[in-house]
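Architecture and fold: a report
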Amino acid sequence: MIELMNQLNFAFPYIIRAMALLSIVALGGLFSERSGVVNIALEGIMIMGAFAGAWTMIIVMNNMNIPLQWNAFIGLSVGAITGMVFSLFHAFAAIHMKSNQIISATALNFFAPAFAIFTARSVTGDRALNVRLDYAISEVPILSNIPILGPWLFTNAYLSTYLAVIIFIVAYIVLYKTPFGLRLRSCGENPHAADSLGVNIYKIRYAGVMISGALAGLGGVMFVLSFSTRFDGAVAGFGFLALAVLISGQWKPIRLILIAFLFALFRVISEIPDELVGIRNLNLPQEIWRMLPFIATLVILAITSKGSAAPRAVGEPFDAGKR
Amino acid sequence: MKNFWREILRFLAKKANSIQVLSSLLAIVFGMLFGLLVMLIVNPADAFPGFFTILTGPFQAGMRSFGNMFYRATPIIFTGLSVAFAFRTGLFNIGATGQFTIGAYIAVYIGVHWGFLGPFHWAVAIFFALIGGGLWGALPGLLKAFRNVHEVVSSIMLNYVAMYLMILMVKRTVFFGDHARSLAIQDSAELPKWFLGSIFPGSSINIGIFIAILFVAVIHIILNKTTFGYELKSVGFNKDAAKYSGMNEKRNIVLSMAIAGAIAGAGGAVFFLVGGRYLHVNAVLMQQGFTGIAVALLGLSAPIGVLLAGIFYGFLELGGLFLQGFDFTREIIDIIIAVIIYFSALSLFLQKFVASYIKRKTEEDVEIAEGADIK
């Protein structure tokens, strides 16, 4: 029993950080898709955000003497702003130009890693950015002493995780308790009805895509902070995973968290099977564990998608003349 | 000169999809200009020579470079064709990467172990890779047809599954542990060069390019000349209408994805049935599938267009290789391609622009002609 407890204490911080990352990026996708714009560019936007954020953190660290967590906060903010600006390209193509949204998003996904590597190489000579520092908060005063929750949530934690919780609560309130949220959701379900009631579809959709850009950019920096301190133009497919989380979560925030938890759980099992004794005894090749989150998603999708609750107008450019 | 230009425009106005082609070309021009701009910002001194190098890449070492251009284009033509075929039938095959990986593994396995096949060795390897890729591609098709799972999401998942499956199987069946890669395939499994070796001396080209062209031709015929292709396209265009007119829309979705997967799987085989090329056990998705998306879009999802766009990609990539002499990395090529895709996403707008330009120019012409009559 004590053995099990120790293992859970060991594994939980890893699960939490993967879960926080996935839910924030998936939440970003939710804002975009509920407003009616498909956003498979989450991966590319994450990479842009991670690139700008990581670079900023390196520059700040080298030139200024400020506390570590303040630096992380600056990096996260820069990442979010970069993501927002980058997502405007997708918004412009999808909303104003009525383009095929998958194509313009693919362009963004293509652009981001190439741009990150190219720029890093041209300026620093190395294709990767080394953030080097460990941003983990080893113990939160007082809170880390709470039994069970202390070691799970308040040791080895990241500022970004707590930020993610706050953002999630705010986002939930915005989506379901404010006029803006109602309008956003109506734009994704029936834009013509919303239009007839005086909602500016274009503005709302721009807002939806920009929020998704900001959250994905933020997620990119979260990845740099908590998964790998060496950023070389990739975020390990987390953007695509978040997309899968969004769809398996049926475009609903609470379900999305549950799915993100499942994903994170499988991912952690696949990453650190050797430390988890019970799992090591199963003696399966590492690759099987690595595959599991993806296969699990496929199974979840196959079970849940029959009554898919995708926003009805997602992916359709708004054309006022179609009413 | 002006008259000549007008004649060209007039000719184009009569052709059905010339406006699309022109807007694609315009997207290429914008992409190249953007690349030049980035290069100017990063390193103004080397920008023009570097850009010139990209444009003249294949001409630098004569026929050998041309051979290498076709060689690099070959796998991309396969994946591009796979994506384009799925596009035409209303599906987005982002899973070409996974299908390519499965095909690659099967081909390497057969290449290493089935030496008894003798002269048929490489052909059999391609055949089974095609089957394997097809089955892998059919999975998202089945999920879509019977469980309503969007093929984009399931394909993304299957890409990762294919990658880890490949690593697992390489480690179990064809592993060369010292170098963390697959064993070398037997000589009989390598794609022959035939007469290409003497036309393009010193280049890596092999008959893969002919196989690619064969696939392009077959898919062109299926899509444009057969009832089967017509059915596939109508299901893609309007599933409900197709069902109403008696087509089996579920079967067609599965078949579309299976064919797309088969093409990508064959591409994986053609890419890896080459001496000195091995499967590595790194957890990195193979990029050919994603490049295929770009090439399919650039080629307007038409088989012939994909062939041309694929060769264009080989051209750019070769230019990127020659860039090493300058202060730029080859990623500039991907930046250019990303911008080209972005502008092809704006194709509706570009098409409108091109159409109105042609109309204006050719109508001017008519007015002048009428003026001459009155005289």
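Residues numbered from 1 in each chain as written. Chains lettered and ligands numbered in written order. Predicted model: local features only at pLDDT ≥ 70, side-chain atom pairs only at ≥ 80, totals over all residues. Heavy atoms only, no water.

Let's talk about the overall build of chain B
Broken down by element type, chain B carries 16 helices and two strands. Here the C-alpha radius of gyration of chain B, 23 Å, is about what a compact globule of 375 residues would show, namely 21 Å. Taken over the C-alpha atoms alone, chain B extends approximately 85 × 60 × 40 Å along its principal axes. Looking at chain B alone, contacts between residues at least 24 apart form 76% of all its contacts between residues at least 6 apart. (Helix = DSSP H or I, 4+ residues; strand = E, 2+ residues; numbered from the N terminus. Rg over C-alpha atoms; globule rule 2.2 N^0.38 Å. Contact = heavy atoms within 4.5 Å.)

Quick notes on the interface of chain B and chain A
Counting from both sides, the interface comprises 44 residues of chain B and, opposite them, 45 residues of chain A. For the pair chain B and chain A, the summed buried surface comes to about 3,900 Å²; carbon and sulfur atoms form 81% of the total. When residues of chain B are sorted by the area they lose upon contact with chain A, B:M157, B:Y164 and B:Y342 head the list and together hold 16% of the total. Between chain B and chain A we count one salt bridge in total. Between A:E287 and B:K171 there is a salt bridge, and its shortest N-O distance comes to 2.9 Å. The tally of links from chain B across to chain A stands at four residue pairs in polar contact (both at pLDDT 80 or more). Going through the elements one at a time, α2 (18–42), α6 (121–147), α7 (151–173), α13 (288–298), α15 (331–345) and α16 (347–374) of chain B are the ones with two or more residues in the side of chain B that touches chain A. Tallying contributions element by element places α7(B) first for the side of chain B that touches chain A, with 14 residues. (Buried area = accessible area lost by both parts, 1.4 Å probe. Salt bridge = Lys/Arg side-chain N within 4 Å of Asp/Glu carboxyl O. Polar contact = N/O pair within 3.5 Å; in protein donor to acceptor, adjacent residues only side chain to side chain.)

Considerations on the domain arrangement of chain B
Note: interface size is frequently given as the accessible area lost on complex formation between the parts. All names here are of chain B. The domain architecture assigned to chain B consists of domain 1 (18–43 + 328–365) and domain 2 (61–318). Once you take the C-alpha centre of each, domain 1 and domain 2 turn out to be 28 Å apart. With twelve residues of domain 1 at the contact, the number on the domain 2 side is eight residues. Of the roughly 930 Å² buried between domain 1 and domain 2, counting both surfaces, carbon and sulfur atoms make up 79%. Across the domain 1-domain 2 interface, the total number found is one salt bridge. Among the ionic pairs, E317 bridges to R330, the shortest N-O distance being 3.8 Å. (Domains from an automatic or database assignment.)

Section: the packing of helix α9 (residues 208–225) of chain B against helix α10 (residues 227–237) of chain B
Residues and elements named next belong to chain B. For the pair α9 and α10, the least separation of the axes is 5 Å and the interaxial angle reads 75°. With respect to each other, α9 and α10 are oriented roughly perpendicular. Of the residues in α10, those in contact with I222, L223, N224 and K225 of α9 are T227, F228, G229, Y230 and K233. Of the residues assigned to the contact of α9 with α10, the class counts are four nonpolar, three polar and two charged. (Axes fitted to C-alpha atoms, helices over the stretch in contact; angles between N-to-C directions. Parallel < 35°, antiparallel > 145°, perpendicular 65-115°, else oblique. Nonpolar A, V, L, I, M, F, W, Y, C, P; charged D, E, K, R; others polar.)

Regarding a nonpolar patch on the surface
Side chains of B:M63, B:W194, B:F195, B:I199, B:F210 and B:I213 sit close together on the surface and give an oily, nonpolar patch of about 590 Å² of accessible area. Locating B:I213 in the fold gives a position in helix α9. (Patch = residues over 30% accessible without salt bridge, like charges linked within 9 Å, V, L, I, M, F, W, Y side chains within 5 Å. Areas by Shrake-Rupley, 256 points an atom, 1.4 Å probe, with all protein chains shown as cover.)

Remarks on a positive patch on the surface
On the surface, a cluster of positive charge is contributed by A:K306, B:R147, B:K239 and B:K243. Counting through the fold element by element, A:K306 comes out in the segment after α13 (286–304). (Lys, Arg positive; Asp, Glu negative; His and termini not counted. Charge placed at Lys NZ, Arg CZ, Asp CG, Glu CD.)

Observations concerning the nonpolar core
Ranked by internal contacts, the top residues of the largest apolar core, which has 217 residues, are A:F231, B:I94, B:I126, B:I211, B:L273, B:L279 and B:I332. The greatest single-element share of this core, amounting to 14 residues, is contributed by α7(B). The two domains that each donate at least three residues to this core are domain 1 (18–43 + 328–365) and domain 2 (61–318) of chain B. Setting aside its immediate chain neighbours within four residues, B:I126 contacts B:L191, B:I211, B:A266, B:A269, B:V270 and B:L273. (Core = buried A, V, L, I, M, F, W, Y, C linked by side-chain atoms within 4.5 Å. Buried < 20%, exposed > 50% of the residue type's maximum accessible area, 1.4 Å probe, protein only.)

Comments concerning the packing of aromatic side chains
What the rule picks out here adds up to 27 aromatic pairs over all chains. Here A:Y202 and A:F318 contribute two aromatic rings whose centre-to-centre distance is 6.3 Å and whose plane-to-plane angle is 85°, an arrangement assigned as edge-to-face. Of the two residues, A:Y202 sits in helix α9 (residues 201–226) while A:F318 sits in the segment after α13, which places them 116 residues apart along the sequence. Given a relative accessible area of 7%, A:F318 falls into the buried group. An angle of 80° between the planes, with centres 6.2 Å apart, marks the rings of B:Y342 and B:F343 as edge-to-face. Among the aromatic side chains, those forming a connected cluster through ring pairs are A:F51, A:W55, A:F86, A:F89, A:F111, A:F115, B:F30, B:F34, B:Y342 and B:F343. One cation-aromatic arrangement involves A:R17 over A:Y14; the distance from NZ or CZ to the ring centre is 4.7 Å. Above the ring of B:Y278, the side-chain terminus of B:R181 is found at 3.6 Å from the ring centroid. (Phe/Tyr/Trp six-rings, centres within 6.5 Å; stacked < 30°, edge-to-face > 60°. Lys NZ or Arg CZ within 6 Å of the ring centre and 35° of its normal.)

With respect to the pattern of salt bridges
Residue and element names in this part refer to chain B. Applying the stated criterion across every chain yields a total of six salt bridges over all chains. The salt bridge involving K144 is made with E151; its shortest N-O contact spans 2.9 Å. A residue is classified by how much of its surface remains accessible, and E151, at 3% relative accessible area, is buried. Taking the shortest distance from any N to any O, the salt bridge between R330 and D334 comes out at 3.7 Å. A relative accessible area of 17% means that D334 is categorised as buried. The structure contains a network of salt bridges with shared partners spanning R72, E317, R330 and D334.

Quick word on helix α10 (residues 238–248) of chain A
Residue and element names in this part refer to chain A. Burial within α10 is extensive, with eleven of its eleven residues counted as buried. Considered for burial, the residues of α10 that qualify are F238, G239, F240, L241, A242, L243, A244, V245, L246, I247 and S248. Residue Q250 follows α10 closely and has a positive phi angle near 55°.

Here we look at unusual backbone geometry
Note: most residues except glycine have negative phi, and most peptide bonds are trans. Phi at A:W251 is positive, roughly 60°, even though this residue is not glycine. You can see A:W251 is positioned in the loop between α10 and α11 (253–271). According to the relative accessible area criterion, A:W251 is buried, its value standing at 5%. Even without a glycine there, the phi angle at B:W194 is positive, about 50°. Tracing the backbone shows B:W194 in the loop between β2 (181–182) and α8 (196–199). Judged by relative accessible area, which is 54%, B:W194 ranks as exposed.

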